[in-house]
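Descriptive structure summary
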Amino acid sequence: MIPRWQQIIFWTLLLSTVGMAAYLIRLRSRTENRLLAVQDTAPVVASEDAPNAPVTLLIASDFEGALLPVQRFAPLPEEPSARAKAVLTALFAEYATPESPHPLAALTAVDTVYLLPVPASTPASTSMTASGIAPALNRATAPTPIPAATPPTAPTADAPTTDVLASPLLAVVNLNGDFVAHHPSGIEVENLTLLSIVSTLHANLPQITRVHFLVDGQPKDTLAGHADLTQDYWTAAMPITSTAATPEVQR
Amino acid sequence: MRWISDAKRRQHCAAACIPLLAAAVVFAQQPSGRPVVAPPTPPGTSAVLSATPSKPPAPVSYRVVLDPAHGGADPGAELQTGLDEKTFTLTLAQAVAAELRAHSIPVTLTRTTDVALTGGARAQAMNLLHVAACISLHATASGSGVHLYTSAQVQSATPDGQREFVPWRTEQAGYVERSLRLESEVNSELTRAHIPVLMGRATLMPMESAACPALAVEVAPLNDGTTLSDAKYQQQVADALTAALIDWSADWKVQP
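Please read these numbers as outputs of a predicted model, since none were measured by experiment. (Residues numbered from 1 in each chain as written. Chains lettered and ligands numbered in written order. Predicted model: local features only at pLDDT ≥ 70, side-chain atom pairs only at ≥ 80, totals over all residues.)

This part takes up the overall build of chain A. Per the secondary structure count, chain A includes five helices and six strands. Across the 251 residues in chain A, those meeting the buried criterion constitute 41%. For chain A, contacts bridging at least 24 residues in sequence account for 78% of all contacts bridging at least 6. (Helix = DSSP H or I, 4+ residues; strand = E, 2+ residues; numbered from the N terminus. Buried ≥ 20, exposed ≤ 12 C-beta atoms within 10 Å, placed from the backbone. Contact = placed C-beta atoms within 7 Å.)

Structure below.
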């Protein structure tokens, strides 16, 4: 015969176990819903019905070895990440044209652009300078190119003024793997593509001071065998590049 | 019969061991040349430090390292039908090496056959020899003329002889100014040969880890339709590089 007190303890423990299991299932469900909600707020593609706005594109020229500014109109959403992607979509549309001075395959180049606050610790702790912006591509015959380290043009009049743009931003540009696989190989041509992306982002969203590249969501050593993708690319606005880039531009 | 007691034996052992230990500690603290070699890590790893002694030995004689880019399973750029970058760079490196040897200048090639090398292995080959110039050779079908690239790093404020530890990917920071002077010499000779030149800064392996004046030379076709397979054009580039490295042999010891 089981004593009564043992029966009470058994049933109490059993009820507690069932109760905790139910609570865990409920917690899991809530967490899943929260994660799904975060994914729903991920950057979306530029809406075609967004208002057309002027956009400054820094177009690379293989023969000049320089970036040349071009003004275009493109539908620019208000949401900053979508706006950054729309700017890059307009940039790569230029490179897909037959008369492009920097011909690239007519493929989707950028899958997503994420904007994050710049980590405060990294810049001063390294002696590596703006690996992307600092390369001052110049040639005596180049017709007044915009050096990559030149301060960017003023933001467009309707630039978004949301809180996310109030501080320096790191742009994580997720390149499409198919586009990267078809990118021409060479030091100059690869660097020009990266410089063009970084400079165009900074020209239209001046708060972007640092750019990191991924390919299909994964880190990759080089773009097409040469240009380094393992390090971040800085714009001229950052203190570390302002001292480093100036003498290089004047070379 | 015991010759000495256990206590005495311990004392004698201690007396003999202490000087030996002290000598071993002193020996271990001595700089061991300039062991700036590639750490056994995958390319792209930047957190590893390479030990740089307090006084690195300067190159005692003028020697050049030529690094034909790519190789093995990595063909590099397809320059034109049937011509890969790895083949072009090896041919060009061998031509320049032959000309330099004809002028009694010692040359080392990072590869002499179609083999794959990591950026770290190439930098290791450069750094172990304590050379006066490291030239990485590339080729591309884009653009025109010859593109010269030096490291995008800033010249280190600390003389390279006084830096204790240097991150592997920033070794070139101690040589940036000399690399720019080497680039200037190459630019002069290419311009003299009427070859258009484009100069820039870039982050490239193995240049970033090279403990020597380093330069990446990328050869592209010419605007007038001259292709990279043109033997005359190849010879012009090889002659200009040789002339620049001969000039550099007279200038490389001058500190910036």
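All names here are of chain B. Helix length check: helix α5 (residues 231–251), at 21 residues, gives a terminal C-alpha distance of 30 Å against a target of 30 Å (1.5 Å per residue), a fit within 8%. Taken residue by residue, α5 has Val237, Ala238, Ala240, Leu241, Thr242, Ala244, Leu245 and Trp248 as its buried positions. Turning to α5, the residues buried within the fold contact β2 (64–68), α2 (85–102), β6 (133–139), β7 (146–151), α4 (176–192) and β10 (214–219). (Expected span 1.5 Å × (residues − 1).)

Right, let's get into the sheet that holds strand β3 (residues 110–117) of chain A. Residues and elements named next belong to chain A. Strand order in this open sheet of four strands is β3-β4-β5-β6, and the pairing throughout is mixed. On the outer flanks of this sheet lie β3 and β6 (233–234), each paired with one strand and no other. Of the strand pairs in this sheet, strand β4 (residues 169–175) and strand β5 (residues 208–215) are connected by seven bridges, and their pairing is parallel. By the bridge assignment, Ala171 is partnered in β5 with Val211. Strands β3 and β4 of the sheet are contacted by helix α2 (residues 80–95), whose axis makes an angle of about 135 degrees with β3. (Pairing = 2+ DSSP bridges. Axes fitted to C-alpha atoms, helices over the stretch in contact; angles between N-to-C directions.)

Right, let's get into the nonpolar core. Counting residues in each nonpolar core, the largest one holds 107 residues, and the members touching the most others are Val64(B), Ala133(B), Cys212(B) and Val217(B). Considering every element that reaches this core, the biggest residue donor is helix α4 (residues 187–204) of chain A, with nine residues. Once residues within four sequence positions are removed from consideration, Val217(B) is found in contact with Ile135(B), Ser136(B), Leu137(B), His138(B), Val146(B), Leu148(B), Val186(B) and Leu241(B). (Core = buried A, V, L, I, M, F, W, Y, C linked by C-beta atoms within 7 Å.)

Looking now at the confidence of the model for chain B. All names here are of chain B. When pLDDT is averaged along chain B, the result is 80; 73% of the residues meet or exceed 70. Within chain B, the element-level pLDDT minimum falls on strand β1 (residues 49–51), averaging 41, and the maximum on α2, averaging 96. Contacts for the low-pLDDT stretch residues 25–56, under 50 throughout, to residues beyond four places or in other chains number 56 contacts. With a pTM of 0.70, the predicted complex shows an ipTM of 0.74. (pLDDT = per-residue confidence, 0-100.)

Let's shift gears to the pairing of β6(B). Residues and elements named next belong to chain B. Counting buried residues along β6, seven of its seven residues qualify, which places the element largely inside the surrounding structure. Side chains Ala133, Ile135, Leu137 and Ala139 of β6 all project onto a buried face; the interleaved residues Cys134, Ser136 and His138 project onto the opposite face, where all are buried too. Pairing geometry for β2 and β6, over five bridges, is parallel. Residue pairing in the sheet places Asp67 in a bridge with Ser136 of β6. The pairing of β6 with β10 spans six bridges and is classified as parallel. Bridging across to β10, Ser136 finds its partner in Ala216.

Residues and elements named next belong to chain B. Contact geometry for α4 and α5: axes closest at 8 Å, N-to-C directions at 135 degrees. One finds that α4 runs oblique with respect to α5. The interaxial crossing formed by α4 with α5 has right-handed handedness. Each of Arg181, Leu182, Glu185, Val186, Glu189 and Leu190 in α4 lies in contact with α5, whose residues at this interface are Ala240, Leu241, Ala243, Ala244, Asp247, Trp248 and Asp251. (Parallel < 35°, antiparallel > 145°, perpendicular 65-115°, else oblique. Left-handed = near helix turned anticlockwise from the far one by under 90°.)

Residue and element names in this part refer to chain B. Pairing within the open sheet is mixed, and its six strands lie in the order β5-β2-β6-β10-β7-β9. In this open sheet, the two strands that pair with only one neighbour each are β5 (107–109) and β9 (197–202). Averaged over all pairs of adjacent strands, the angle between their axes in this sheet comes to 25 degrees, without regard to strand direction.

Residue and element names in this part refer to chain B. Topologically, Leu180 is positioned in helix α4. Owing to 20 C-beta atoms within 10 Å, Leu180 belongs among the buried residues under this scheme. Considered as a pair, Leu180 and Ser151 are 29 residues apart in the sequence and their alpha carbons are 8.9 Å apart.

Residues and elements named next belong to chain B. End to end, α4 covers 24 Å across 17 residues, agreeing with the expected 24 Å (1.5 Å per residue, within 8%). Listing the buried residues of α4 in full gives Val176, Arg178, Ser179, Leu180, Leu182, Glu183, Glu185, Val186, Glu189 and Leu190. Buried positions along α4 lie against β6, β7, β9, β10 and α5. Note on α4: the residue one or two positions beyond its end, His194, has a positive phi of about 60 degrees.

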